[in-house]
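Notes for the structure review
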Amino acid sequence: MPRTGRIREKLRWSKIYTFSCIRHPESINADAGPSLSLSLSLSLPLPGPGHSRIVRCNQPRAHKRKPLDYPTNYISTTKYNIVTFLPKAIFEQFRRVANLYFLLAACLSVTSISPFSPVSMIAPLAFVVGLSMAKEALEDWRRFVQDMKVNLRKALVHKGNGRFSNKFWHKIRVGDVVRVEKNQFFPADLLLLSSGYEDGICYVETMNLDGETNLKVKRSLEVTLPFEDDRSFKDFTATIRCEDPNPSLYTFAGNLEHERQVYALDPSQVLLRDSKLRNTSYIYGVVIFTGHDTKVMQNATESPSKRSRVEKKMDRIIYILFTVLVLVSLISSLGFAVKTKLEMPSWWYLQPQRGDNSHLYSPSTPGLSGIFHLVTALILYGYLIPISLYVSIEVVKVLQAMFINQDLQMYDEETGNPAQARTSNLNEELGQVDTILSDKTGTLTCNQMDFLKCSIAGFPYGLSSSEVEIAAAKQIASEESGGSVQNGGGIDYWENGGSGFGSSPEIELEGGITCKIEKPRKPMIRGFSFEDDRLMQGNWMSEPNPGTILLFFRILAVCHTAIPELDEETGGFTYEAESPDEGAFLVAAREFGFEFCRRTQTSVFVRERYPSSAEPIEREFKILNLLEFNSKRKRMSVVIRDENGQLLLLCKGADSIIFDRLSKNGRMYEADTSKHLNEYGEAGLRTLALAYRKLEESEYSAWNTEFLKAKTALGPDREAQLEQAADMIEKELVLVGATAVEDKLQKGVPQCIDKLAQAGLKIWVLTGDKMETAVNIGFACSLLRQGMKQIRLSPMNKELITQDANKAVKEDIQKQITNASQMIKLETDPHAAFALIIDGKALTYALEEDMKHQFLSLAVDCASVICCRVSPKQKALVTRLVKEGTGKVTLAIGDGANDVGMIQEADIGVGISGVEGMQAVMASDFSISQFRYLERLLVVHGHWCYKRIAQMICYFFYKNIAFGLTLFYFEAYTGFSGQSVYDDWYMILFNVLLTSLPVISLGVFEQDVSSEVCLQFPALYQQGAKNLFFDWYRIIGWMANGLYSSLMIFFLNIGIFFTQAFLRGGQTADMAAIGTTMFTCIICAVNMQIALTMSHFTWIQIVLVWGSIATWYLFLLAYGESSPLVSGDAFRLLVEALAPAPIFWAVTLLVAAACNLPYLIHISYQRLYNPMDHHVIQEIKYYKKDVEDQIMWTRERSKARWATKIGFTARVDAKIRQLKGKLHSKVSSLSGQTVVATPPPDVL
């Protein structure tokens, strides 16, 4: 039963917020009274073209007719639909050059010039193309299913007469009035009408759109506030005239016409699809844009058809093979024409003039005969081009995708989501990635902060260690105990426990500061991992500066905009805060004994347990003014009056901002606090400084007058006036201390980034969040570290430029890029690392055509790149620049709708299937539940899939060249007659049955090393990034191997059988016998070759390899026993001719051995004198040296890291260098003091 009434919360946030929720002057005029009629619309003209949309509120049926026939709310991310599937899928298949060739061959097979029957050409092609299209249909069906999961979500929609009922998202129309409850997603782009707060304020989380974790404040127009419950919409009507659909997330222009009044609309009244309602019980809104007209879908691009580099290169190889095919066909046709002209007349037994097809070999027209024979030869030698290659690869990739989907190491137990290969076309591309472009929010972070340390009155508090400190301590302890050799000796900083580190349970990092080696205990309180008895249980009152500590706790408990919510089960409070930092501060204040428990319109109430030891005392702090945080101010302040009547300004913000605003008397703790802030930064913690100021009544009254004047000002200068007013009061501060919180990344993110960095991958972060937040995340996940030189690109202030501002800003950005590039070139320190940090405005100029390559060159030279405040479109453009500019494989990973463009633009798109919607997943090629699974997806599955596909393709070309060229040799040997030496059934079964299953098993099960070794030796991944197994050297080598094998197979068989009897009775071998023997040699040789190629055998591979050889003999037996009408010349061939002849078996063994001997010699020489990385590891594992010789194993592991300047290992190494430098300085100073203290010899 839908509720028709609401209890509205009494907080009027618009009275508190300063910089947000500004009402337009037009709206204020409209509120003045009814005298302002509809004619006001003339003073509010919309900008013309591009602003033609008309929305009839609460009249959805009006938008089913033209000209208001807007799209439905149905969305689709599939490649195909029922109409486009056949044409698009067929186009996809026949843009493969091999399929196109076989289509032509199949068409020609119905003519008399074909050496094969039409069925033998058409059936394999139909099978290959049909199977590939079925796979495409299956994968697109999965996308459709996920689309429907979104389309079938339900929302409360006004049905009429003040009644709301559930309606599927895809049935929502423009003009519908919807009610959205707390923590629900908005089903379409809405105009906010009213909310659970009296003044129409609501909080929106846009993390899924722009990556920002801070909640946005939206506010409805004053005129729509009375629509506060379901019944009030019974007779509601209005008209919205606004901009047409566009991709801009941050702009909106329009007017609302209601009761003959016109009100201006701006982005603060618009709620975008896929953002979420937070901290607000409910809102009412009217639908403006639906489906693909919504801004989030406008930022999406059409699902592209992606092909891997291996597959594109395979097409070039097929072009080469096709050239070879044409060449040998030309040779054959030329030879046939010569034979026809010169020798055909003397071949009286052929009677060429009497045949039905005499024109095909007429001595009178040898040129025409040669042309006809060219077509015959093109079809005959078609086995040089493997038709089954594509279908075998499709089968292998589907099976590889199944193994990815079923990998329990990538299964998330919390959400129940496995990894999913949404398309199998790009499996091998996972092993060739050079650059990862990652979203931040929801991808790297889980939006949880833990209060870890603090500095109060110049004293550091908090004994818990960050992950950086723990890892550094482990490494130093291992070195002291002799457990490492170099670069950490392969020690895994993430393994549990302190075993193996000698007897030292902890190590001193700084004077008096110790770091426990044990892995920290899992915090019992969410958001609070602080451990220091000096501040707990009221012990802080015994510290040197209890008054300052008390003020520190009160700033944490009072200076914020959070809302407390009572948990009825536990009796405690949870906090709905704008940012995770605020939530962590309030939890910390509660644990210290200062619990924020209630907020009214004008006051904040805090239960203080100390200094009194009795029951908590609830104290009221009156909030007089609130100057909220934004990225420009980098600070937040509140003006309060305490219970004693004292006026105080409480302020928290970035240390650089706070320190600049300290008074001379307020800098007492600055030096010590700065030292602690540096230490916290080195430990990867996020820091804020806290300060206060006492205010006099007269001073405050004067300032408040100016402040209210600025707050109520209208016009473009309002924000500048507010900023100036804030600067007037936020000065002469007294420093209290600083906080250090650990940004809780998603589980395993630093480890994953560290492993990917060791694997040689570059990682860029593209986020819509502000620069400070992105930088803090960069430190938390070790993309940034202390000592890394930061290059920040940001545009100059346009307001300072009088003429041609855009040109001046662009020149300034170009100058910054040039100077930064020069600085990197002049750097001489081998350990120096650079980080490029650029914001969205600067990126706009950097991505312009004349500057983008210079920007890319700078970015490539930097160890890490962080792009902040970027729009979804810019994410896609940066991805395209990296992909096209470097020419290397890019992977984009994200979890929100704002990442869709980036995911689709990258060579590989990976979606995080979290809780923040499914748009990224639906647009992705692979989906995983958490970022940490990317490590296994790339380093293990990517490495395996690349090597499997590369070896498989090379082997395919080898076996088809070895088989196809024997046809050419035989035709040349028989006067270019177009005669095949093999039975038609042999040729059909060669690729379909007799050699296909072993190569499929190679592509599915082959492992050069195990998954554990892949993770222990991440540098192995570079074999794929460098394309070592599919470069031209290796491809040509395999082709040469095929050429050599074809020569051995043909000429050894001809040479042996030509000069001697075949059977005991003296019979010689006929064409059927020699053809079958040659085919037997081919089957044995190519299957023995694949056995030599494999490094990892399972029973399946053994059965398929040797079973293929056995299948050939069984087929030959069964085929020979069939009717002569079926078997023809092969009737009882094995039983009566081949099996009784010892020469048949001897030749088979001889030829198979001769074909594989060069490869055996090659790999033996390579393993002995020029081994690859995996060869060394295989030998170590085979002889169990990893168990018997731990020192050698550790040394090899230490060498298996790609040299990198990012990641946790690089950060720990930098920390170790710093600590060793300090230790060396101390030792030097002590040695100097000892020398000075020693008396000279003559004194003695």
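Note that the structure is a prediction, hence the values are computed from the model and not measured.

Parameters at a glance
Position numbers for residues start from 1 in each chain and track the written sequence from start to end. Reporting of local features is limited, given that this is a predicted model, to residues whose pLDDT is at least 70; pairs of side-chain atoms are given and counted only at 80 or more, and all residues count toward the totals for whole chains, interfaces and linings. Think of the side-chain values as coming from all heavy atoms in the structure, minus any hydrogens and water. Secondary structure elements are taken from DSSP: a helix is a run of H or I of four residues or more, a strand is a run of E of two residues or more, and numbering for both begins at the N terminus. We call a residue buried when its accessible area falls under 20% of the maximum for its residue type, exposed when it is over 50%, and partly exposed in between, using a 1.4 Å probe and counting protein chains only. What makes two residues a contact is simply this: any of their non-hydrogen atoms within 4.5 Å. Here, Shrake-Rupley sampling with a 1.4 Å probe gives the accessible areas, and only protein chains in the shown set may cover a residue. In short, DSSP must find at least two bridges between two strands for them to pair. Here the term patch refers to residues with relative accessible area over 30% and no salt bridge, with like charges joined within 9 Å and nonpolar side chains (Val, Leu, Ile, Met, Phe, Trp, Tyr) within 5 Å. What makes a salt bridge here is a side-chain nitrogen of Lys or Arg within 4 Å of a carboxyl oxygen of Asp or Glu, nothing more. UniProt positions are given in the numbering used here, feature names are shortened, and annotations may be inferred rather than shown by experiment. In this analysis an axis means a line fitted to C-alpha atoms, helices contributing only their contacting stretch, and an angle means the value between N-to-C directions, from 0 to 180 degrees. The term nonpolar core refers to a set of buried residues drawn from Ala, Val, Leu, Ile, Met, Phe, Trp, Tyr and Cys, joined through side-chain atoms within 4.5 Å. In the analysis that follows, any N or O atom pair within 3.5 Å is treated as a polar contact, provided that within protein one partner can donate a hydrogen and the other can accept it, and provided that, for residues neighboring in sequence, both atoms belong to side chains. Side-chain rings of Phe, Tyr and Trp, where Trp is taken by its six-membered ring, are said to pair if the distance between their centres is within 6.5 Å; with planes under 30 degrees apart they count as stacked, over 60 as edge-to-face, and otherwise as tilted. For a lysine, the NZ atom is tested; for an arginine, the CZ atom; a charge sits over a ring if that atom is within 6 Å of the ring centre and within 35 degrees of the ring normal.

All right, on to the overall build of the protein chain then. Regarding its fold elements, the protein chain presents 39 helices and 35 strands. For the protein chain, the proportion of its 1244 residues judged to be buried stands at 57%. Long-range pairs, those at least 24 residues apart, make up 75% of the contacts in the protein chain between residues at least 6 apart in sequence. Surface summary for the protein chain: the accessible area is close to 52100 Å², and the carbon and sulfur share equals 57%.

The subject of this paragraph is the sheet that holds strand 5 (residues 189-195). Backbone-to-backbone hydrogen bonds pair the strands of a sheet. The strands run either parallel or antiparallel. Strand order in the open sheet made by the six strands is 3-2-4-13-5-11, with antiparallel pairing throughout. Edge positions in the sheet fall to strand 3 (163-168) and strand 11 (270-271), since each of these pairs with one other strand and no more. Bridge analysis of strand 5 against strand 11 gives two bridges, and the strand direction is antiparallel. From the neighbouring strand, L190 faces strand 11, where its bridge partner is L271.

Another aspect to go through is a nonpolar patch on the surface. Together, I320, V324, W1032 and I1036 make up a nonpolar patch on the protein surface, roughly 320 Å² of accessible area in all. Contributions of two or more residues to the nonpolar patch are made by helix 7 (309-342) and helix 30 (1032-1058). If you trace the backbone, I320 turns up in helix 7. Of the residues examined, I320 reaches a relative accessible area of 36% and is grouped as partly exposed.

Take the UniProt feature "transmembrane region" (unreviewed entry) in the protein chain next. Under the feature "transmembrane region" (unreviewed entry), the UniProt entry names residues 317-338, 371-393, 956-973, 985-1005, 1035-1059, 1071-1092, 1099-1119 and 1139-1161. Structurally, residues 956-973 comprises 100% helix and 0% strand, and the distance from its first C-alpha atom to its last is 26 Å. The straight-line gap between the two end C-alpha atoms of residues 1035-1059 is 37 Å; of that span, 96% is helix and 0% is strand.

This next bit is on the sheet that holds strand 15 (residues 433-438). Taken in spatial order, the nine strands of this open sheet run 14-35-34-33-15-29-32-31-30, and their pairing is mixed. Each end of this open sheet is capped by a strand with a single partner; those strands are strand 14 (420-421) and strand 30 (789-793). In terms of strand pairing, strand 33 (residues 889-894) meets strand 34 (residues 908-912) through four bridges, oriented parallel. When the bridges of strand 34 are listed, L891 appears paired with I908. Relative to the sheet, helix 19 (residues 805-826) contacts strand 30 and strand 31 (834-839), its axis offset from that of strand 30 by approximately 165°.

Residues Y381, I953, Y982, Y986, F1030, F1079 and W1112 are the most contacted members of the largest nonpolar core, which totals 106 residues. The leading source of residues in this core is helix 25 (residues 933-973), at 17 residues. Setting aside its immediate chain neighbours within four residues, F1030 contacts V310, K313, M314, I317, Y946, A950, I953, C954 and I1035. Counting 76 residues, the second largest nonpolar core, distinct from the first, contains C597, F707, A725 and V736.

Among the secondary structure elements, N246 is positioned in the loop between strand 8 (238-242) and strand 9 (254-258). Separated by 3.0 Å, the side chain of N246 and the backbone nitrogen of S248 make a polar contact. Of the polar contacts made by the side chain of N246, one reaches the side chain of K295; its length is 3.0 Å. If we ignore the near neighbours within four places in the chain, the residues touching N246 are T251, K295 and Q298.

Applying the stated criterion to the full structure yields 48 salt bridges. A salt bridge links R936 to D407, with the shortest nitrogen-to-oxygen separation between them at 2.6 Å. Taken together, the positions of R936 in helix 25 and D407 in the loop between helix 9 (387-405) and strand 14 put the pair 529 residues apart, joining distant regions of the chain. Each member of the pair, R936 together with D407, is buried. If you follow the salt bridges from partner to partner, you end up with R307, E311, D315, K397 and E428 in one network.

With that out of the way, let us pick up the environment of G130. Residue position: G130 is located in helix 4 (residues 118-151). Exposure remark for G130: the relative accessible area of 36% places this residue in the partly exposed category. Along the primary structure G130 and V391 are separated by 261 residues, whereas in three dimensions their C-alpha atoms are 9.4 Å apart.

On to the pairing of strand 1 (residues 53-57). Along a regular strand, successive side chains alternate from one face of the sheet to the other. Burial runs high along strand 1: four of the five residues are buried. Two strands pair when backbone bridges link them, and strand 1 and strand 8 are joined in this way by five bridges, in the antiparallel orientation. Considered in strand 8, the bridge of C57 is made with A238.

Glancing now at helix 17 (residues 749-758). With nine of 10 residues buried, helix 17 is to be regarded as a mostly interior element. Turning to helix 17, its buried residues number three or more, namely V749, P750, C752, I753, D754, K755, L756, A757 and Q758. Backbone geometry just after helix 17 places G760 at a positive phi near 90°.

What follows deals with the packing of aromatic side chains. Applying the stated criterion across every chain, the model contains 49 aromatic pairs. On the basis of an interplanar angle of 90° and a centroid distance of 5.0 Å, the ring pair of F1050 and F1051 is categorised as edge-to-face. Residue F1050 is classed as buried on the basis of its relative accessible area, which comes to 1%. Using a relative accessible area of 46% as the deciding quantity, one classes F1051 as partly exposed. Here the aromatic cluster, defined as three or more aromatic residues joined through ring pairs, consists of F451, F528, F530, W540, F552, F553, F585, F592 and F594. Above the ring of F605, the side-chain terminus of R598 is found at 3.8 Å from the ring centroid.

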